[in-house]
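Descriptive analysis of the structure
Given next are the chains, with one letter for each unit.
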Amino acid sequence: MEKMIEFQVKYKGKTYNFDCGAAVYIFDIATCNGFAAAHDERTLLDYIELVRECYVKDDNPTPLGHLADFIAENWDKVDLLTRREILTLFYEEI
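Treat the numbers as computed from the prediction; the structure is a model and nothing was measured. (Residues numbered from 1 in each chain as written. Predicted model: local features only at pLDDT ≥ 70, side-chain atom pairs only at ≥ 80, totals over all residues. Heavy atoms only, no water.)

1. A few points about the overall build of the protein chain
Note the following rule: By the criteria applied, helices consist of DSSP H or I runs no shorter than four residues and strands consist of E runs no shorter than two, each listed in order from the N terminus. Restricting the calculation to C-alpha atoms gives the radius of gyration, and the globule rule supplies 2.2 Å times the number of residues raised to the power 0.38. Only protein chains enter the calculation, and the probe is 1.4 Å; a residue is then buried if its accessible area is under 20% of its type maximum, exposed if over 50%, and partly exposed in between. Only heavy atoms enter the contact rule, under which two residues are in contact if any of them lie within 4.5 Å. Here, Shrake-Rupley sampling with a 1.4 Å probe gives the accessible areas, and only protein chains in the shown set may cover a residue. As used throughout, the charge tally considers Lys and Arg to be positive and Asp and Glu to be negative, leaving His and the chain termini uncounted. Taken as the charge centre is NZ of Lys, CZ of Arg, CG of Asp or CD of Glu, depending on the residue.
Check the secondary structure of the protein chain and you find 6 helices and 2 strands. Helices and strands in the protein chain line up, N terminus first, as β-β-α-α-α-α-α-α. By the compact-globule yardstick of 12 Å for 94 residues, the protein chain fits well, its C-alpha radius of gyration being 13 Å. Within the protein chain, the proportion of its 94 residues that are buried is 35%. Sequence separation of 24 or more characterises 47% of the internal contacts of the protein chain that already satisfy a separation of 6 or more. Just so you have it, the protein chain exposes about 6,000 Å², and 50% of that area is on carbon and sulfur atoms. For the protein chain, the distance from the average site of its 10 positive side-chain charges to the average site of its 18 negative ones is 5 Å.

2. A closer look at helix α3 (residues 41-57)
To be explicit about the condition: Helix span is expected to be 1.5 Å times the residue number reduced by one. The arc refers to the directions leading from the helix axis to the C-beta atoms.
If you check α3, its first and last C-alpha atoms are 24 Å apart, about what 17 residues at 1.5 Å a residue would give, namely 24 Å. Every buried residue of α3 is accounted for by Thr43, Leu44, Tyr47, Ile48, Leu50, Val51 and Cys54. Axial view of α3: buried residues confined to an arc of 165°, hence all on one face. Residues Arg42 and Val56 are exposed on α3 and point more than 90 degrees away from its buried face.

3. With respect to the pairing of strand β2 (residues 14-18)
Test applied: Strands pair, by our definition, only if DSSP identifies at least two bridges between them.
Where strand β1 (residues 7-11) and β2 come together, 5 bridges link them in antiparallel fashion. Within the sheet, the bridge partner assigned to Gln8 lies in β2 and is Asn17. Adjacent in sequence and paired antiparallel, β1 and β2 are bridged by 2 residues, among which Lys12 carries a positive phi angle near 50°.

4. Some points on the pattern of salt bridges
Counted only if it meets this: By definition, a salt bridge exists where a carboxyl oxygen of Asp or Glu is found within 4 Å of a side-chain nitrogen of Lys or Arg.
Under the criterion given, the structure shown has 5 salt bridges. Between Asp46 and Arg42 there is a salt bridge; the shortest N-O distance is 3.0 Å. You can see Asp46 and its partner Arg42 sitting in helix α3, 4 residues apart, about one turn around the helix.

5. Comments concerning the packing of aromatic side chains
We count it as follows: Two rings belonging to Phe, Tyr or Trp (six-membered ring only in the last case) form a pair when the distance between their centres is within 6.5 Å. Interplanar angles under 30 degrees mark stacking, angles over 60 mark edge-to-face geometry, and anything in between is tilted.
All told, the structure shown has 8 aromatic pairs when counted by the stated rule. Ring centres 5.3 Å apart and planes at 50° place the aromatic pair Tyr16 and Phe27 in the tilted group. With Tyr16 in strand β2 and Phe27 in helix α1 (residues 21-32), this pair connects stretches of sequence that are 11 residues apart. Residue class for Phe27 comes out buried when judged on its relative accessible area of 2%. For the pair Phe35 and Tyr47, a centre-to-centre distance of 4.1 Å together with 20° between the ring planes defines the contact as stacked. Here Phe35 is found in helix α2 (residues 35-38), whereas its partner Tyr47 is found in helix α3, with 12 residues between them in sequence. Per residue, the accessibility class of Phe35 equals that of Tyr47, and both read buried. Aromatic rings pair up to connect Tyr11, Tyr16, Phe18 and Phe27 into one cluster.

Written out as structure tokens, the structure reads:
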């Protein structure tokens, strides 16, 4: 089945394609909170996917912007944790 929708982001001369709006929003947050500028492309894409996965797996009504900022601020601590462990830390801090 063909993709029904595709989103594009143009950033620093490159085009990034996503199949969900949440990933685009997370990308925007990464540019606002400085994560995009501070990390290489691969890390940025890993960050977007990690935040999106946590957002999708959360049983609560996740405040996506706060979650994205939390993961950006704690990247060195959370990038190797499970999604549930990240969410537990997140909810302990908010």
